[in-house]
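Structure assessment
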Amino acid sequence: MNAAGLGLPMAVPDEKLPARVRIHEVGARDGLQNEKAVVPVEVKAEFIRRLAGAGLTTIEATSFVHPDWVPQLADAEQLFPRVGGLPVALPVLVPNLRGLDRALALGARRVAVFASATESFAKANLNRTVDEALAMFEPVVARAKAEDVHVRGYLSMCFGDPWEGAVPLAQVVGVCRALLDMGCDELSLGDTIGVATPGHVSALITALADAGVPVSALGVHFHDTYGQALSNTLTALRHGVTTVDASAGGLGGCPYAKSATGNLATEDLVWMLRGLGIDTGVDLGRLVATSVWMAAHLGRPSPSRTVRALSHQEQ
Ligand SMILES: CC(C)(COP(=O)([O-])OP(=O)([O-])OC[C@H]1O[C@@H](n2cnc3c(N)ncnc32)[C@H](O)[C@@H]1OP(=O)([O-])[O-])[C@@H](O)C(=O)NCCC(=O)NCCSC(=O)C[C@@](C)(O)CC(=O)[O-]
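Quick look at the structure, then. (Residues numbered from 1 in each chain as written. Predicted model: local features only at pLDDT ≥ 70, side-chain atom pairs only at ≥ 80, totals over all residues. Heavy atoms only, no water.)

Here the focus is the state of the cysteines. As enumerated under the stated definition, the model contains 0 disulfides in all. In this structure Cys 158 is a free cysteine whose sulfur lies 5.6 Å from that of Cys 176, the closest cysteine sulfur available. By relative accessible area, Cys 176 is classed as buried at 0%. (Disulfide = S-S within 2.5 Å. Buried < 20%, exposed > 50% of the residue type's maximum accessible area, 1.4 Å probe, protein only.)

Quick look at helix H8 (residues 198-210) now. Under the 1.5 Å per step criterion, the end-to-end length of H8 is 18 Å for 13 residues, consistent within 8% with the ideal 18 Å. Every buried residue of H8 is accounted for by Val 201, Leu 204, Ile 205, Ala 207 and Leu 208. All buried residues of H8 project into a common sector of 160 degrees when viewed along the axis, lining one side. Opposite its buried face, H8 presents the exposed residues Gly 199 and Asp 210, each directed more than 90 degrees away. (Helix = DSSP H or I, 4+ residues; strand = E, 2+ residues; numbered from the N terminus. Expected span 1.5 Å × (residues − 1). Arc of directions from axis to C-beta.)

For any pair of aromatic rings, the description rests on two quantities: the centre-to-centre distance and the angle between the ring planes. Taken as a whole and assessed by the stated rule, the structure comprises 2 aromatic pairs. Geometrically, the ring pair formed by Phe 114 and Phe 137 is tilted, given 6.5 Å between the ring centres and 45 degrees between the ring planes. On the criterion of sequence distance, the pair formed by Phe 114 in strand E5 (residues 110-116) and Phe 137 in helix H6 (residues 130-146) is long-range, its members being 23 residues apart. By relative accessible area, which is 0% here, Phe 137 ends up buried. Ring geometry for Phe 159 and Phe 222: centres 6.1 Å apart, planes at 45 degrees, overall tilted. Pair noted here: Phe 159 is in the loop between strand E6 (150-156) and helix H7 (169-181) and Phe 222 is in strand E8 (residues 218-222), with a separation of 63 residues, a long-range link. The class of Phe 159 is buried, set by a relative accessible area of 5%. The lysine or arginine in question, Arg 152, covers the ring of Tyr 154, its NZ or CZ lying 5.0 Å from the ring centre. (Phe/Tyr/Trp six-rings, centres within 6.5 Å; stacked < 30°, edge-to-face > 60°. Lys NZ or Arg CZ within 6 Å of the ring centre and 35° of its normal.)

It is worth spelling out a negative patch on the surface at this point. Among the surface-exposed residues, Glu 119, Asp 131, Glu 132 and Glu 164 lie close enough to one another that they form a single negatively charged patch. Note on placement: Asp 131 falls in helix H6. Residue classification places Asp 131 among the exposed residues on the basis of a relative accessible area of 58%. (Patch = residues over 30% accessible without salt bridge, like charges linked within 9 Å, V, L, I, M, F, W, Y side chains within 5 Å. Areas by Shrake-Rupley, 256 points an atom, 1.4 Å probe, with all protein chains shown as cover. Salt bridge = Lys/Arg side-chain N within 4 Å of Asp/Glu carboxyl O. Lys, Arg positive; Asp, Glu negative; His and termini not counted. Charge placed at Lys NZ, Arg CZ, Asp CG, Glu CD.)

With respect to spatial proximity, 26 residues lie near the ligand, and among them Asn 96, Asn 125, Arg 128, Ser 156 and Thr 192 are the closest. The backbone of His 66 places a nitrogen or oxygen atom 3.0 Å from an oxygen atom of the ligand. No other element matches helix H4 (residues 97-105), which puts 3 residues into the shell around the ligand. Grouping the amino acids of the shell around the ligand by side-chain chemistry returns 11 nonpolar, 10 polar and 5 charged. (Near = heavy atom within 4 Å. Polar contact = N/O pair within 3.5 Å; in protein donor to acceptor, adjacent residues only side chain to side chain. Nonpolar A, V, L, I, M, F, W, Y, C, P; charged D, E, K, R; others polar.)

Written as structure tokens, this is what we have:
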């Protein structure tokens, strides 16, 4: 499948949009953690190699969490050495010092802690209150920074929570500030259940900026439950955000959040950005082929509209 020569629309220059966007690819971690079947480690490694071959430069590889909590990623020790030598950034999730030790022992240079804006999700995902989870992350971030390891701070349920409903902006801003103050290099604003709309995205980024959070430190992480992920992304870009999380083929969800569906598909994102003349360095044809290949392993078609449109003869 070759996406070249498809008559892509001409880009109209828009000075509010960035010239380049960094895609933080989460398919191998956020995507595969939610699959019922455990994908064999060699297939995961090949997935990551193919994603790198398609031009993605930040590929979240796996999680060093308790294997009983996320059995789909229990093979982190086997996976990381298989891909660690790739010339791309390979962040991994670590909830605590035990997870950080495991990741550092294998040479990980980028880690992510994952906080929640709500008490319900903190309890479901980490068996902790919001404050207890932040206390658990503090020594993780301190040790990672001491070792010159880059730290991302995820913040889940920024726009709505399946148990608590609407999440006040001030609550989100407070946890973002705590993550930055403990030393996180960047934040990822998670719409874990995909309920955000563009006005809400605008309101949150404005509230964060008003609280002194630099927009350059923000990434966005949208799920596409209500079909809003691209509109939300465009809104974030207009506010100056240049890091966008996406999952190849739209794989994903979260095992500890009721109603979380797939992430924004990387192909859908790349299609939109190309149309806007925004550089990502991604070869869309190779990426689509990768998602078609992974869909075959999972035994079902990719939910990504772009994958379906560009590969209808192959699925
Ligand atoms: C944090 C814990 C461990 C607390 O779970 P806990 O049960 O409270 O654990 P604990 O601290 O009481 O320890 C119990 C045992 O687990 C061991 N243990 C403790 N930590 C580890 C570790 N890292 N690796 C291996 N073993 C570990 C520890 O050593 C101990 O072993 P024992 O002494 O009894 O033999 C657990 O809740 C957990 O692993 N949670 C992870 C959940 C998860 O990964 N969720 C998905 C990622 S978040 C997400 O997807 C959202 C995101 C990021 O995409 C953004 C968005 O969309 O919003």
